[in-house]
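Observations on chain architecture
Take a look at the letters that make up each chain.
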Amino acid sequence: MLVQFYCAFNSCDMKMMSTNWAQSDEIAMDNPLGGIKRGWEEIQPIYERLFNGPAEVYVEYFDYTIHEMSEIFYTVGRERGYFRLGGEEITLAIRTSRIFQKIDGRWKQVHHHGSIEDPQSLGRYQSAVFGKRPQ
């Protein structure tokens, strides 16, 4: 399921992304753009906006560990990649954790947390996504 998430993300495949996440009000996502989104109805529009927007975003997971129990597994690691929009490219370096739960015999993502460690990089990324230039 971890590979499926990155495949869905990097190919902008909303159907695959929807399959990857549990369809529940109890799931949560906290990403570098701020705020906590709870439930698929709040999370889905974030991916739709990204997938249908003008920016090109690519990330890969590396330097990670996987911790598995019978009904849950979580990963802790880093993402690297880029955000490109209108000739500007921002290098992404994100600390990331993901939690998957076995639901009806299938692994489903139930939580994601990502944070950009460098404040200047975070500011540039947020400004580019929200259409503002850093001051």
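Since we're looking at a predicted model, the values are computed, not measured.

What follows deals with the state of the cysteines. This structure, assessed with the given rule, holds zero disulfides. C7 takes part in no disulfide bond, and the closest cysteine sulfur to it belongs to C12, at a distance of 11 Å. Its relative accessible area of 39% is what places C7 among the partly exposed residues. Accessibility expressed as a relative area gives 39% for C12, which makes it partly exposed.

The subject of this paragraph is the side chain of Q109. With respect to the element layout, Q109 can be found in strand β6 (residues 106-116). With relative accessibility at 0%, the residue Q109 sits in the buried group. A distance of 2.8 Å separates a polar atom in the side chain of Q109 from a polar atom in the side chain of N20. In terms of polar contacts, Q109 uses its side chain to reach the side chain of R98, at 2.7 Å. For Q109, the residues in contact, after removing those within four places along its chain, are F5, N20, W21, A22, I27, R98, I99 and F100.

Glancing now at helix α4 (residues 119-130). Compared with the 16 Å implied by 1.5 Å per residue over 12 residues, the 16 Å span of α4 between its first and last C-alpha is a close match. Listed as buried for α4 are Y125, S127, A128 and V129. Among the structural elements, α3 (40-52), β4 (72-85), β5 (88-103) and β6 are those in contact with the buried residues of α4.

Where strands meet in a sheet, backbone hydrogen bonds hold them as pairs that are either parallel or antiparallel. Across the sheet, which stays open at both edges, the six strands sit in the order β2-β1-β6-β5-β4-β3 with mixed pairing between neighbours. Strand pairing shows two members of the sheet lacking a second neighbour, β2 (36-38) and β3 (56-68), which therefore form its edges. Each strand axis lies, on average, 20° off the axis of its neighbour in the sheet, ignoring direction. Bridging between β4 and β5 involves 14 bridges; their strand directions are antiparallel. For I72, the partnering residue across the bridge sits in β5 and is Q101. The sheet contacts of helix α1 (residues 2-10) involve β3, β4, β5 and β6, and relative to β3 the element is tilted by about 175°. In the packing of α3 onto the sheet, the strands contacted are β1 (28-30), β2 and β3, and the crossing angle to β2 comes to about 120°.

What follows deals with α1. By the burial criterion, the buried members of α1 are L2, F5, Y6, A8 and F9. An end-on view of α1 places all buried positions within 160° of arc, on one side of the element.

The next point concerns the nonpolar core. Residues F9, M17, W21, W40, Y47, F83 and L92 are the most contacted members of the largest nonpolar core, which totals 31 residues. Put simply, the parts of the chain that give this core at least two residues each are α1, α2 (14-20), α3, β3, β4, β5, β6 and α4. Of the residues forming this core, the biggest block, five residues, is contributed by α1.

Glancing now at the side chain of T75. In this fold, T75 is placed in strand β4. Its relative accessible area of 0% is what places T75 among the buried residues. Within polar-contact distance, the side chain of T75 engages the side chain of Y61 at 2.9 Å. If near-sequence neighbours (up to four positions away) are discounted, T75 is found in contact with L2, Y61, T65, I66, T96, S97 and R98.

Basis of the calculations
- Every chain is numbered on its own, with residues counted from 1 as its sequence reads.
- The predicted nature of this model means local features are confined to residues of pLDDT at least 70 and side-chain atom pairs, given and counted, to a pLDDT of 80 or more, with totals for whole chains, interfaces and linings taken over all residues.
- By convention in this description, side-chain values take in all heavy atoms of the structure and omit both hydrogens and water.
- A pair of sulfur atoms, both from cysteines and within 2.5 Å, is called a disulfide here.
- Only protein chains enter the accessibility calculation, which uses a 1.4 Å probe; a residue whose area is less than 20% of its type maximum is buried, one above 50% is exposed, and one in between is partly exposed.
- Segments assigned H or I by DSSP are reported as helices when at least four residues long, segments assigned E as strands when at least two residues long, and all are numbered from the N terminus.
- Contacts described as polar in this section are N or O atom pairs within 3.5 Å, which, within protein, must combine one atom able to donate a hydrogen with one able to accept it, while residues neighboring in sequence count only if both atoms come from side chains.
- Note on contacts: a residue pair is in contact if any heavy atoms of the two residues lie within 4.5 Å.
- Here a helix's expected span is defined as the number of its residues, less one, multiplied by 1.5 Å.
- When DSSP finds at least two bridges between two strands, those strands are taken to pair.
- For every element, the axis is a line fit to its C-alpha atoms; helices are fit only across the contacting stretch, and the angle between N-to-C directions ranges from 0 to 180 degrees.
- Regarding the arc, it is the one traced by the directions from the helix axis to the C-beta atoms.
- Here, nonpolar core means buried Ala, Val, Leu, Ile, Met, Phe, Trp, Tyr and Cys residues that are tied together by side-chain atoms lying within 4.5 Å of each other.

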